[in-house]
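# Close look at the chain arrangement
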Protein chains: 2
Amino acid sequence: MPHFLATTDAGFEAAFTALLGMKREDSPDVDSAVAAIIADVRARGDAAVIDLTARFDRLALTPETLAFSPDEIAAEVAKVGPEDRAALELAAARIRAYHERQLPENALWQDASGATLGWRWTPVSAAGLYVPGGLASYPSSVLMNAIPAKVAGVERLAIACPTPGGVVNPLVLLAAQIAGVDVIYRIGGAQAIAALAYGTESIAPVDKITGPGNAFVAAAKRRVFGKVGIDMIAGPSEILVIADADNDPDWIALDLLSQAEHDESAQSILVTPDAAFADAVVAAVEKRLKTLERRAIAGASWRDFGAVILTRDLAEAARLSNRVAPEHLELCVADPEALAEQITHAGAIFLGGWTPEAIGDYVGGPNHVLPTARSARFSSGLSVLDFLKRTTLAKMTPEAMAAIGPAAERLAISESLEAHGLSVRARLARLNGGQIE
Amino acid sequence: MPHFLATTDAGFEAAFTALLGMKREDSPDVDSAVAAIIADVRARGDAAVIDLTARFDRLALTPETLAFSPDEIAAEVAKVGPEDRAALELAAARIRAYHERQLPENALWQDASGATLGWRWTPVSAAGLYVPGGLASYPSSVLMNAIPAKVAGVERLAIACPTPGGVVNPLVLLAAQIAGVDVIYRIGGAQAIAALAYGTESIAPVDKITGPGNAFVAAAKRRVFGKVGIDMIAGPSEILVIADADNDPDWIALDLLSQAEHDESAQSILVTPDAAFADAVVAAVEKRLKTLERRAIAGASWRDFGAVILTRDLAEAARLSNRVAPEHLELCVADPEALAEQITHAGAIFLGGWTPEAIGDYVGGPNHVLPTARSARFSSGLSVLDFLKRTTLAKMTPEAMAAIGPAAERLAISESLEAHGLSVRARLARLNGGQIE
């Protein structure tokens, strides 16, 4: 049974705070192992990557076979049936259309002083995308990471995807092909992150690394951060559903379970002002848990981290949701747009009962890489901006310098930075026909 | 003497690669000390912060005096003269005007399937700004961090600024007041970062922490990352100047020295196609180094990390600059706009000889918190976006669900996520008047 809370209970605040503070993930401490792997790859390059891949993935590679050849990709991709291909292509087109709207504008203007100011966006030159192997090797994640990078204008996009025992997911290769990925390495773990960050004889270094991974991958990303850019470190998935009584309890139950089935550490929370509806959803979840393929995982998640919260009204539900700052938020209410106005922190909002979160995982268009573990308080889902950077522009004229230079000199002196002040004063002196000593 | 390189030299590529790989900073390993401090603050709250401030800053505080009172701030601020105040106010107005243009647009549209898609930006609720104490306590940095936060709409903005021995910089307090900072704590080091991230009895936790600091502060920011958002970890400052012969060598020398005077680890690089001009600049630097107040620091930086690079032409200079990805880039050439088009990686570009980098440090308008250590390859300077996050929006209609739901279900099945598929199928079944079992 999940946790039951009601805002009218005397102990609610304590129980809700405990729910917020619940530790859902015990990351094993692999940091020293990861440090050794990174050092090995930096020292020995290809040879280290090949040795580590033999050890961890039971796969014998050579410098020539680190990357899939075009023929290998073509052979794997040919195994995909037309329906799966069509679904991937529909998803890719919709994700691309959404992300193309995120391309930001450059700006350049002149202000009253005569100074020209602005900024310009440019893409990261090369990016690496980590794709887990085995069960969690999701073609949808390839699209969600690779398409924003390509829309941003990244020239060289590499994938690292381990193939333990040589097993490949053809859908991952097809997704990479559809998204325009340039090269796919069959390597994984911390060694893959090290190779992408530092480069080897056969693997060119990248500037930014994104994509989910296990504890080794996460620790390696933290370690190479600074040498390259990284995206967030993803935690277990979460959904919060605010629903009124006018919903099919089975729909809501399935939406809660579609997070719970990801991972025993996932969290699904129902917030509703209707007690009878809450009971109906809980019953529907129990019924579905009898037959669901991943019922062991989903059941454990629902039992340990699931929660049902009864509120006085929807406004209170919105306030609680803001304290959770959920990765995914469904608003299954009569006027979802009005309720959305009250939401201040959430990774993604799904408006109305016809919008199950799973639509967003695949074909909605918005990105499914979203801030977890309450980090929607301060961060956003993956976007085109993650593969761009902004250069600011400034140009002074002699007139602008005359207008604002003296203030700059004054502040430089107050900060005891004499050369800063002199670099301004030298220009100001020229305006007065003189020179400084 | 700085490093001299010429692209026509046989050994150029090796020398340039060595210059790029030069390690300028040896961060002391304070991580275990920082971990203990953070644990102490989490366990003992105010008491730990007070004990640590007594130990490190020789300052006796109580829970009531952790923050400056309005009277204390007023008394300190009254010490600032009218010229310094006017300079700060000019700087603040220009920084605010620039950053207001960075406020991004929300978006909402309907696509051909009938789905409504979009996104909405919301501010981080509470932010903390670290301001170093002592010599590097720069009022300009207060403006550069605080104004973007307030422009973004951050409700509660706190500053942590240590006051070793009780010494306060009135200009820092005035800058905070001008920028609209809500509370100023006289605490520093890892204990301040821990208090801002986790909160204590007297210090409310924030969602995002920005601002520069020493090795303890940097290590603490790395450790609290995830619990709160952080900005980049700043390294030593850098400038690269591309200049033709039509410049006053003394101006360029002063621009190079205005980075060098920051820190012995700072780096100043001149890239020019004109050997005689390069010699003139080097001579001008030497002359200025005889009298500059901070000549010991600036001289060490110039000697150890300074560089003069002779190129065949300006296009080659731009290509080299892109490999450096400098924090600050001055283009002191006849047509700086044309050369800027060839720049793909730089934190900030200063166009033309009338735009010394120091203008950007104070009153230009763009932010002076910029990516160092070649991280302009993948990151940007501080901006309003650092204090905002984006929530994606999606709303399906029954018609949209009929159009794209089947592809979502197909992909869910291919990823063995049955509940995802069922959550879509349940809606599709309703469209056909049925229900699923």
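Residues numbered from 1 in each chain as written. Chains lettered and ligands numbered in written order. Predicted model: local features only at pLDDT ≥ 70, side-chain atom pairs only at ≥ 80, totals over all residues. Heavy atoms only, no water.

Per an unreviewed UniProt entry, chain A carries the name Histidinol dehydrogenase and comes from Gemmobacter aquatilis. The heading Catalytic activity (unreviewed entry) in the UniProt record of chain A holds the text "L-histidinol + 2 NAD(+) + H2O = L-histidine + 2 NADH + 3 H(+)". What UniProt states about chain A under its Sequence similarities (unreviewed entry) heading is, verbatim, "Belongs to the histidinol dehydrogenase family." (UniProt positions renumbered as here; feature names shortened; annotations may be inferred.)

### Focus on the overall build of chain A
When you go through chain A residue by residue, the secondary structure sums to 17 helices and 14 strands. By its C-alpha atoms, chain A is 85 × 60 × 45 Å across when sized along the principal axes. For chain A, the proportion of its 437 residues judged to be buried stands at 61%. Residue pairs in contact within chain A that sit at least 24 positions apart in sequence constitute 73% of those at least 6 positions apart. Counting every atom, chain A has about 15,800 Å² of accessible surface; 54% of that belongs to carbon and sulfur. Distance from the positive charge centre (38 side chains) to the negative charge centre (54 side chains) of chain A: 6 Å. (Helix = DSSP H or I, 4+ residues; strand = E, 2+ residues; numbered from the N terminus. Buried < 20%, exposed > 50% of the residue type's maximum accessible area, 1.4 Å probe, protein only. Contact = heavy atoms within 4.5 Å. Areas by Shrake-Rupley, 256 points an atom, 1.4 Å probe, with all protein chains shown as cover. Lys, Arg positive; Asp, Glu negative; His and termini not counted. Charge placed at Lys NZ, Arg CZ, Asp CG, Glu CD.)

### Observations concerning the sheet that holds strand β4 (residues 126-130) of chain A
Residue and element names in this part refer to chain A. Taken in spatial order, the five strands of this open sheet run β6-β5-β4-β7-β8, and their pairing is parallel. Each edge of the sheet is formed by a strand with only one pairing partner; in this case those strands are β6 (183-185) and β8 (229-230). The pairing of β4 with strand β5 (residues 156-160) spans five bridges and is parallel. Across the sheet, the residue bridging to Leu129 is Ile159, located in β5. Those strands touched by helix α6 (residues 139-152) are β4, β5 and β7 (208-210), and its axis lies near 165 degrees from that of β5. (Pairing = 2+ DSSP bridges. Axes fitted to C-alpha atoms, helices over the stretch in contact; angles between N-to-C directions.)

### Things to note about the layout of surface pockets
Here the second largest pocket is characterised by a volume of approximately 510 Å³. Lining the second largest pocket are 24 residues, and of these Pro104(A), Glu105(A), Leu103(B), Pro104(B) and Glu105(B) sit closest to its centre. Mapped by element, the contributors of at least two residues to the lining of the second largest pocket are β2 (107-110) and β3 (116-123) of chain A together with β3 (116-123) of chain B. Here the residues of the lining of the second largest pocket sort into 13 nonpolar, five polar and six charged. (1 Å grid on protein atoms, 1.4 Å probe; cavity = no way out; pocket = protein on both sides within 12 Å on 5 of 7 lines; lining within 4 Å. Points joined across faces, edges and corners; volume = space filled by probe spheres on them. Nonpolar A, V, L, I, M, F, W, Y, C, P; charged D, E, K, R; others polar.)

### Remarks on the UniProt feature "binding site: NAD(+)" (unreviewed entry) in chain A
Residues and elements named next belong to chain A. Summarizing the sequence annotation, UniProt attributes the feature "binding site: NAD(+)" (unreviewed entry) to Tyr130, Gln191 and Asn214 in the numbering used throughout. For the annotated residues, spread through 85 residues, the largest C-alpha to C-alpha distance comes to 12.6 Å, consistent with a single compact locus. Looking at the element boundaries, Tyr130 is found in strand β4. Take Tyr130: its relative accessible area is 4%, and that puts it in the buried class. For Tyr130, the contacting residues outside a window of four places in its chain are Ala160, Pro162, Gly188, Gly189, Ala192, Ile193, Thr210, Gly211, Pro212, Gly213 and Val217. At 2.8 Å, the side chain of Tyr130 forms a polar contact with the backbone nitrogen of Gly189. Tracing the backbone shows Gln191 in helix α8 (residues 189-198). Residue Gln191 is classed as buried on the basis of its relative accessible area of 2%. Excluding residues within four positions of it along the chain, Gln191 makes contact with Ile37, Val41, Val49, Leu52, Thr53 and Phe56. At a separation of 3.1 Å, a polar atom in the side chain of Gln191 contacts the main-chain carbonyl oxygen of Gly188. (Polar contact = N/O pair within 3.5 Å; in protein donor to acceptor, adjacent residues only side chain to side chain.)

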